[in-house]
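# Per-entry structural report
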Amino acid sequence: MNEEIKDYIDSCKDDMEKTISYLKNEYQMVRAGRANPHILDKITVEYYGVPTPINQMANISVPEARVLMISVWDNSQLVNVSKAISQADLGVNPIDDGKVIRLIFPALTEERRKEIVKQVKALCENAKISLRSARRDCLDIFKQMKKDNFISEDDLDSAEKDVQKLVDKYNQIADEICMAKEKEIMEV
């Protein structure tokens, strides 16, 4: 196989890896009935004029299955952290006792679990769209190379098959991750 084709296929594979990695990160932030510290990952607090993620200014622990405990290192920021969590609309209200903040997650209802599963499936479908987009971009390059007579028709066919194998592989990985998350959410 042409070395240039191999480089483009490797680049396409890297894009697909990033898509799967992004999907996994998004799934970490989906609430599944248990307390998960990653649910706070996107929340920032104004800390001396700098937007700072909560996990960079506090210890976050899970003392019980449905409780997150946040121990802020600088007690003067306790109120700001509590306020940021309230504004993030996580579906839980922070309980501030002056030393730590507790987030107590209610048990999910069957209806809420089904809504969350829909969100999980939508995230999976978006990942698959991204995978197909990476395939299309790669194939467009190969077709242009063929048009410019840099590669033969056989090279183009071979490259298209290799890229399709990659897409199939990563679609399957996305489906497996999605099914595992669905199972986790539907567990009572």
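## Describing the environment of Ile141
Within the element layout of this structure, Ile141 appears in helix α3 (residues 110-147). Remark: the alpha-carbon pair of Ile141 and Tyr8, spanning 133 residues in sequence, is separated by 8.3 Å.

## Description of the packing of aromatic side chains
One pass over the structure, following the stated rule, counts two aromatic pairs. With a centroid separation of 4.9 Å and 55° between ring planes, the pair formed by Tyr47 and Tyr48 is classed as tilted.

## A short note on the pairing of strand β4 (residues 67-72)
As paired elements, strand β3 (residues 58-64) and β4 share five bridges and run antiparallel to each other. Bridge assignment links Ser61 to a residue of β4, and that residue is Met69. From the end of β3 to the start of β4, which pair antiparallel, there are two residues. Pairing between β4 and strand β6 (residues 101-104): four bridges, direction antiparallel. Bridge assignment links Ile70 to a residue of β6, and that residue is Ile101.

## A closer look at the pairing of strand β2 (residues 50-53)
Bridging between strand β1 (residues 44-47) and β2 involves four bridges; their strand directions are antiparallel. The residue of β2 that forms the bridge with Val45 is Thr52. Connecting β1 to the antiparallel partner β2 that follows it, the hairpin turn spans two residues, and Tyr48 within it adopts a positive phi of roughly 55°.

## Re the nonpolar core
Residues Ile5, Met16, Tyr27, Val120, Phe142 and Val163 are the most contacted members of the largest nonpolar core, which totals 31 residues. Taken together, the elements giving at least two residues each to this core come down to α1 (3-28), α3 and α4 (153-186). No other element matches α3, which puts 11 residues into this core. Other than its neighbours up to four places away in sequence, Val120 contacts Tyr27, Val30, Cys178, Lys181, Glu182 and Ile185. Judged by nonpolar contacts, the second largest core, of 20 residues, contains Ile39, Ile54, Leu78 and Ile85.

## Some thoughts on α1
With 26 residues, α1 should cover 38 Å at 1.5 Å per step; its first-to-last C-alpha distance of 38 Å lies within 8% of that length. Every buried residue of α1 is accounted for by Ile5, Ile9, Cys12, Met16, Thr19, Ile20, Leu23, Glu26 and Tyr27. Turning to α1, the residues buried within the fold contact α3 and α4.

## Side note on the pattern of salt bridges
The full count for this structure, using the stated rule, is nine salt bridges. Taking the shortest distance from any N to any O, the salt bridge between Glu115 and Arg112 comes out at 3.2 Å. Here Arg112 and Glu115 lie together in helix α3, a separation of three residues that amounts to about one turn. The partner of Asp137 in a salt bridge is Arg136, and the shortest N-O contact between them spans 3.8 Å.

Reading guide: rules and limits
Residues numbered from 1 in each chain as written. Predicted model: local features only at pLDDT ≥ 70, side-chain atom pairs only at ≥ 80, totals over all residues. Heavy atoms only, no water. Helix = DSSP H or I, 4+ residues; strand = E, 2+ residues; numbered from the N terminus. Phe/Tyr/Trp six-rings, centres within 6.5 Å; stacked < 30°, edge-to-face > 60°. Pairing = 2+ DSSP bridges. Core = buried A, V, L, I, M, F, W, Y, C linked by side-chain atoms within 4.5 Å. Buried < 20%, exposed > 50% of the residue type's maximum accessible area, 1.4 Å probe, protein only. Contact = heavy atoms within 4.5 Å. Expected span 1.5 Å × (residues − 1). Salt bridge = Lys/Arg side-chain N within 4 Å of Asp/Glu carboxyl O.

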